[in-house]
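Okay, here's what each chain looks like letter by letter:
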Amino acid sequence: MPGPCRLNERATPRRPSLWHVDDGWALFAGPLQHNDSHAHSTAVFLAGLYGTFRLRVAGSGWLSCRSAVIRAGTPYEFDIGGDPLGVFYLEPSVAGADALAPLVAGAHEVNGALVSHADAPLLRSAFEQRPAGEALRAEV
């Protein structure tokens, strides 16, 4: 008999990465490993689609989190060990990191980032369901 079911267990086998670029925002969802320290010119929302990931922000120590909002220009690196990560980029002409802050309920600030254990069901759904452009725009 199989063991107890875990919350947010993968509902589907590994899928290829999803990329969608639209006017003022872009979305990536897919398996990743380690990404060395880097910074973007845009605000970024990161979410472990099925669990936590390790994050280091602007020279901080490694943290374990489920989601984070990184302000434009803030250096960060992550390690998710091959599991799927959702990444939502928001162009500065549309809005800044403050517009993404509601996605990280209960967050605490670490060197220019908001770090949380909040889940991201919309990104997980996009990764699993693969909606077409119009439907994806309406969803996110």
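See above for the structure.
The sections below set out a description of the structure shown in this document. (Residues numbered from 1 in each chain as written. Predicted model: local features only at pLDDT ≥ 70, side-chain atom pairs only at ≥ 80, totals over all residues. Heavy atoms only, no water.)

## Observations regarding the overall build of the protein
Link 1 in the chain: A count of helices and strands for the protein gives three helices and eleven strands.
Link 2 in the chain: A buried classification covers 44% of the 140 residues belonging to the protein.
Link 3 in the chain: Across the protein, every contact between residues at least 6 apart in sequence was considered, and the portion connecting residues at least 24 apart equals 71%.
Link 4 in the chain: As displayed, the protein has an accessible area near 7200 Å², and 54% of this comes from carbon and sulfur atoms. (Helix = DSSP H or I, 4+ residues; strand = E, 2+ residues; numbered from the N terminus. Buried < 20%, exposed > 50% of the residue type's maximum accessible area, 1.4 Å probe, protein only. Contact = heavy atoms within 4.5 Å. Areas by Shrake-Rupley, 256 points an atom, 1.4 Å probe, with all protein chains shown as cover.)

## Describing the sheet that holds strand E5 (residues 53-57)
Link 1 in the chain: The strand order across the open sheet formed by four strands is E3-E8-E5-E6, and the pairing between neighbours is antiparallel. At either margin of the open sheet sits one strand with a lone partner, and together these are strand E3 (34-38) and strand E6 (63-65). Going across the sheet, the axis of each strand differs from the next one's by a mean of 25°, ignoring polarity.
Link 2 in the chain: Inspection of the sheet shows E5 paired to strand E8 (residues 76-79) by four bridges, in the antiparallel sense. Its bridge partner lying in E8, Val57 is registered against Tyr76. (Pairing = 2+ DSSP bridges. Axes fitted to C-alpha atoms, helices over the stretch in contact; angles between N-to-C directions.)

## Structural notes on the side chain of Ser116
Link 1 in the chain: Inspection of the secondary structure puts Ser116 in strand E11 (residues 113-116).
Link 2 in the chain: Within the structure, Ser116 has its side chain in polar contact with the backbone nitrogen of Ala118 (distance 2.9 Å).
Link 3 in the chain: Setting aside anything within four residues of it in sequence, one finds Ser116 in contact with Cys65, Arg66, Ser67, Val104, Ala105, Gly106 and Ala107. (Polar contact = N/O pair within 3.5 Å; in protein donor to acceptor, adjacent residues only side chain to side chain.)

## Overview of helix H2 (residues 121-129)
Link 1 in the chain: All of the buried residues in H2 are Leu123, Arg124, Ala126, Phe127 and Glu128.
Link 2 in the chain: Following H2 by one or two positions, Arg130 adopts a phi angle in the positive range, close to 55°.

## Structural notes on the packing of aromatic side chains
Link 1 in the chain: A complete count under the given rule lists four aromatic pairs for this structure.
Link 2 in the chain: An angle of 25° between the planes, with centres 6.5 Å apart, marks the rings of Tyr76 and Phe78 as stacked. Here Tyr76 and Phe78 have matching classes, each one buried.
Link 3 in the chain: By way of ring pairs, the aromatic residues Trp19, Phe28 and Tyr89 are connected into one cluster. (Phe/Tyr/Trp six-rings, centres within 6.5 Å; stacked < 30°, edge-to-face > 60°.)

## Comments concerning the sheet that holds strand E9 (residues 84-90)
Link 1 in the chain: Reading across the sheet, the seven strands line up as E1-E2-E9-E4-E7-E11-E10 and stay open at both edges, with antiparallel pairing between neighbours. Whereas interior strands pair on both sides, the edge strands pair on one side only; in this sheet they are strand E1 (18-22) and strand E10 (108-110). With direction set aside, neighbouring strand axes in the sheet form an average angle of 15°.
Link 2 in the chain: Direction of pairing for strand E4 (residues 43-48) relative to strand E7 (residues 67-70): antiparallel, over a ladder of four bridges. Across the sheet, the residue bridging to Phe45 is Val69, located in E7.
Link 3 in the chain: The sheet contacts of H2 involve E1, strand E2 (25-31), E4 and E9, and relative to E2 the element is tilted by about 70°.

Structural measurements only, silent on function.
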